Amino acid sequence: MENTSTKVITGKVRFSYANVWAPKSINGGDEKYSVSLIIPKSDKKTIADIQAAIELAKKEGASKFGGKVPASLKLPLRDGDVDRPDDEAYKGCYFVNANSKDRPGIVDKSVKPILDQTELYSGCYGRASISFYAFNQNGNKGIACGLQNLQKLADGEPLGARSRADEDFTTADDDDFLA
């Protein structure tokens with residue numbers, strides 16, 4: 001089946017740099033929701049779907065490039081082994097950084113909304129609904145990845161250098177508090 005859409009529903013990916021509960025400005029730009037989707041290289045279907053959606057976005061976006069798709073475009077599908085060689089989480093994987101001005105829908109395995117913000121975090125696993133589109137801003141031309149919705153499938157080892165409070169502290173004995 002040929003992909004006739006720039007929208008892709010991924011297979012099981014790992015969420016990284018998950019900034020999905022409140023919009024954040026990156027480098028002084030507009031505030032956006034964002035997440036990095038780490039895709040195992042073994043997930044040939046998701047990778048093929050993304051590549052087909054990118055090709056379609058190039059064709060559909062040709063008008064943004066003056067009618068002709070330039071040879072050198074910034075593309076969203078990146079190789080973790082090349083672009084993040086020192087990050088163990090990206091080893092043997094591709095990744096795309098998806099973002100949106102609108103808050104993504106976030107659901108669990110049963111497609112029920114997740115309201116507890118500690119439930120979806122960098123390091124957990126899930127699927128993403130993303131779309132690809134052409135951009136041409138300030139001389140930068142390429143295909144961007146829009147974030148639509150996320151579905152959490154499983155917990156994973158949290159990513160990032162931040163430790164958890166229960167790892168940093170032991171129970172305190174109140175008697176010694178003011179000693």
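The structure this text deals with has already been given above.
Let us look at the structure shown here.

**Examining the side chain of Ser34**
- Inspection of the secondary structure assignment puts Ser34 in strand 3 (residues 31-40).
- Ignoring sequence-local partners within four residues, the contact set of Ser34 consists of Tyr17, Ala18, Asn19, Val20, Ala98, Asn99 and Leu147.

**Considerations on the environment of Ser36**
- Within the secondary structure, Ser36 is located in strand 3.
- C-alpha of Ser36 to C-alpha of Tyr17: the two residues are 19 residues apart in sequence and 5.7 Å apart in space.
- Separated by 2.9 Å, the side chains of Ser36 and Asn97 make a polar contact.

**Some words on the pattern of salt bridges**
- With the rule as written, the count across this model stands at 8 salt bridges.
- Lys41 serves as the salt-bridge partner of Asp81, at 2.7 Å between the closest nitrogen and oxygen. Taken as a pair, Asp81 in helix 2 (residues 80-83) and Lys41 in the loop between strand 3 and helix 1 (44-60) lie far apart in primary sequence, 40 residues in all.
- Taken together, the shared-partner salt bridges connect Lys41, Asp79 and Asp81 into one network.

**Quick look at the pairing of strand 2 (residues 13-25)**
- Relative to strand 7 (residues 125-137), strand 2 is paired through 2 bridges, and the arrangement is antiparallel. Residue pairing for strand 7: Val13 is matched across the bridge by Gly126.
- Alignment of strand 2 against strand 3, held across 6 bridges, turns out to be antiparallel. Each residue of the ladder has a partner; that of Ser25, found in strand 3, is Glu31.
- From the end of strand 2 to the start of strand 3, which pair antiparallel, there are 5 residues, and Asn27 there has a positive phi angle of about 50°.

**Quick look at the pairing of strand 8 (residues 140-154)**
- Here strand 5 (residues 93-100) runs beside strand 8; their pairing, made up of 2 bridges, is parallel. Following the sheet pairing, Asn99 is matched in strand 8 by Gly146.
- Pairing of strand 6 (residues 105-107) with strand 8, which is carried by 3 bridges, proceeds in the parallel orientation. Bridge pairing links Ile106 to Leu150 in strand 8.
- Once strand 7 ends, the chain turns through 2 residues before running back antiparallel as strand 8, passing Asn138 with a positive phi of about 45°.

**A few points about the packing of aromatic side chains**
- Here the structure, examined in full by the defined rule, presents 1 aromatic pair.
- With a centroid separation of 4.9 Å and an interplanar angle of 85°, the aromatic rings of Tyr90 and Phe95 are classed as edge-to-face.
- Residue placement shows Lys12 over the ring face of Tyr125; its charged tip is 5.4 Å from the ring centre.
- A cation over an aromatic ring shows up here: Arg84 above the ring of Tyr90, its NZ or CZ 4.6 Å from the ring centre.

**Things to note about the nonpolar core**
- Ile130, Phe132 and Leu150 are the most contacted members of the largest nonpolar core, which totals 32 residues.
- Counting residues per element, the ones that place at least two in this core are strand 2, strand 3, helix 1, strand 5, strand 7 and strand 8.
- A per-element tally of this core places helix 1 first, with 5 residues.
- Those residues in contact with Phe132, other than ones at most four positions away along the chain, are Thr6, Val8, Ile50, Ala53, Ile54, Ala57, Pro76, Ile143, Ala144 and Cys145.
- The next biggest cluster of nonpolar side chains, apart from the first, holds 5 residues, and it includes Ile38, Ala89, Tyr90 and Phe95.

The rules behind each value
- Residues numbered from 1 in each chain as written.
- Predicted model: local features only at pLDDT ≥ 70, side-chain atom pairs only at ≥ 80, totals over all residues.
- Heavy atoms only, no water.
- Helix = DSSP H or I, 4+ residues; strand = E, 2+ residues; numbered from the N terminus.
- Contact = heavy atoms within 4.5 Å.
- Polar contact = N/O pair within 3.5 Å; in protein donor to acceptor, adjacent residues only side chain to side chain.
- Salt bridge = Lys/Arg side-chain N within 4 Å of Asp/Glu carboxyl O.
- Pairing = 2+ DSSP bridges.
- Phe/Tyr/Trp six-rings, centres within 6.5 Å; stacked < 30°, edge-to-face > 60°.
- Lys NZ or Arg CZ within 6 Å of the ring centre and 35° of its normal.
- Core = buried A, V, L, I, M, F, W, Y, C linked by side-chain atoms within 4.5 Å.
- Buried < 20%, exposed > 50% of the residue type's maximum accessible area, 1.4 Å probe, protein only.

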